[in-house]
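# Notes for the structure review
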Amino acid sequence: HSDLQADGSLTSTRPARGAVLLLCGLPAAGKSTLGATLLKEGATQLRFHLPFESPRKLRIIYISFDLVLVRLQEQRETASFDPQLWHESREAILTA
């Protein structure tokens with residue numbers, strides 16, 4: 001059960017069942033590195049920071065647009081940027 005507050009925020013009487021973390025920023029800012037690190041070590045590290053009553057099961061799903069683009073470039077045997085291929089990589093993830 002959630003209640004809408006006057007300031008537009010929501011308050012809940014139940015603990016959160018999950019969270020979504022979206023990483024966005026400038027190129028080469030470290031988004032992919034952080035995402036890969038969270039995938040590799042995140043669940044173990046996050047458990048130490050959760051309140052005792054929080055669920056202990058964590059699942060991390062890492063979706064890398066960059067990796068899909070690289071795989072498509074490898075399939076097409078090209079290393080140069082192609083706007084059409086960039087769009088195809090985004091579409092491949094969004095329709096998966």
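This text goes with the structure placed above it.
The following paragraphs examine the structure supplied in this document. (Residues numbered from 1 in each chain as written. Predicted model: local features only at pLDDT ≥ 70, side-chain atom pairs only at ≥ 80, totals over all residues. Heavy atoms only, no water.)

Secondary structure assignment for the protein chain yields 3 helices and 2 strands. Classification of the 96 residues of the protein chain by burial places 10% in the buried group. When contacts within the protein chain are restricted to residue pairs at least 6 apart in sequence, long-range pairs at least 24 apart make up 21% of them. In the structure as shown, the protein chain presents an accessible area of about 8500 Å², 59% of it carried by carbon and sulfur atoms. (Helix = DSSP H or I, 4+ residues; strand = E, 2+ residues; numbered from the N terminus. Buried < 20%, exposed > 50% of the residue type's maximum accessible area, 1.4 Å probe, protein only. Contact = heavy atoms within 4.5 Å. Areas by Shrake-Rupley, 256 points an atom, 1.4 Å probe, with all protein chains shown as cover.)

On to helix H3 (residues 83-94). Along its 12 residues, H3 runs 17 Å from first to last C-alpha, staying within 8% of the 16 Å computed at 1.5 Å per residue. Where H3 is concerned, the buried positions are Leu85, Ser89 and Ile93. For H3, the buried positions fall inside an angular range of 75° around the axis, keeping them on one side. Its buried side turned inward, H3 meets helix H2 (65-75). In this structure Asp82 caps H3, since a side-chain oxygen of it lies 3.0 Å from the backbone nitrogen of Gln84. (Expected span 1.5 Å × (residues − 1). Arc of directions from axis to C-beta. Polar contact = N/O pair within 3.5 Å; in protein donor to acceptor, adjacent residues only side chain to side chain.)

It is worth spelling out a nonpolar patch on the surface at this point. A surface patch of nonpolar side chains, amounting to about 270 Å² of accessible area, comprises Leu21, Leu23 and Leu34. Mapped onto the fold, Leu34 is located in helix H1 (residues 31-47). (Patch = residues over 30% accessible without salt bridge, like charges linked within 9 Å, V, L, I, M, F, W, Y side chains within 5 Å. Salt bridge = Lys/Arg side-chain N within 4 Å of Asp/Glu carboxyl O.)

No statement about biological role is implied by the geometric values presented.
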